[in-house]
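Secondary and tertiary structure notes
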Amino acid sequence: MTQGELSRVSAETASEVCERFDAGEELRKLLRPDLSPQRYLDLLEKKQLYPAAIQFLAHALPKREAVWWACVCARASAEAAPAARALRAAETWVADPSEGNRRAALPAAMADGVATAAGCAALAAFVSGGSLAPPEAPPVPPVENLTAQTVAGAVVLAASELGKEKAAESLRLFLERGVDVARGTSSWTARR
């Protein structure tokens, strides 16, 4: 996977990213203080720890880029057509991360189902900021890493929607798409 810089990732070390979520003992044993996010991803891929690599990258990316990655994977999944409303809502928020678009993502996610990759992508857009409470209620901010957790779920769901027999290859392919987003070579602006 090594080639090109992860220009959209601001963390200088893999340890900095792993502090944002519970990486687990096995993955923490692979960390070294000097390990860059790119080198850590390479190590996880070499060991074929695709779900862990997806979790790591989801936490390394800024929220907007992470939701875009979820959209790319959801669009490629077998369930994309039935969850078109959620996918459109997530993509709309990525293109214009306004409060109105963020709030519109929740009903789309619920209508199409959060058990789908597209539904998770829309939910990730909704939990990216603002308040989780209705507009008239006191604000309830989301937990900081909730978007990343939801994006990782969307990517893994997208791979599972392509079938169990293709799971490992789909996870590897979707990880590559996430790396493209992290490098800035896959962007919502190119889709306009």
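In the block above lies the structure referred to throughout.
In this report, we go over the structure that sits alongside the text. The residue numbering used here restarts from 1 in each chain and proceeds along that chain's sequence as written. Only residues with pLDDT of 70 or above have their local features reported here, since the model is predicted, and side-chain atom pairs are shown and tallied only from 80 upward, although totals for entire chains, interfaces and linings are computed over all residues. Derived side-chain values reflect all non-hydrogen atoms in the structure, with water molecules and hydrogen atoms excluded from consideration.

1. Re the environment of Ala78
The line we're drawing: Only DSSP runs of H or I covering at least 4 residues are called helices, and only runs of E covering at least 2 are called strands; the numbering of each starts at the N terminus. Any pair of residues with heavy atoms lying within 4.5 Å of one another is described as a contacting pair.
Locating Ala78 in the fold gives a position in the loop between helix H5 (63-76) and helix H6 (84-95). C-alpha separation for the pair Ala78 and Lys46, spaced 32 residues apart in sequence, amounts to 27 Å. Discounting residues that sit within four places of it in the chain, Ala78 has contacts with Glu161 and Leu162.

2. A word on the environment of Ala154
The condition is simple: Accessibility here uses a 1.4 Å probe with only protein chains present; expressed as a share of the type maximum, an area under 20% marks a residue as buried, one over 50% as exposed, and anything in between as partly exposed.
Tracing the backbone shows Ala154 in helix H9 (residues 146-161). Taking relative accessible area as the criterion, Ala154 reaches 0% and is therefore assigned buried. C-alpha of Ala154 to C-alpha of Cys73: the two residues are 81 residues apart in sequence and 7.8 Å apart in space. For Ala154, the residues in contact, after removing those within four places along its chain, are Ala70, Ala117, Cys120 and Ala121.

3. Focus: the packing of H6 against helix H8 (residues 117-126)
Applicable threshold: Geometry is summarised by axes, namely lines fitted to C-alpha atoms with helices restricted to the contacting stretch, and by angles between N-to-C directions that run from 0 to 180 degrees. Handedness of a crossing is defined here by the sense of rotation of the near helix relative to the far one, left-handed for an anticlockwise turn of less than a right angle and right-handed for a clockwise turn.
Two elements in contact, H6 and H8, have axes whose closest approach is 8 Å; the angle formed by their N-to-C orientations is 35 degrees. Crossing of H6 against H8: the hand is left-handed. Packed against H6, whose contacting residues are Ala86, Leu87, Ala90 and Trp93, the element H8 presents Ala118, Gly119, Ala121, Ala122 and Ala125 at the interface.

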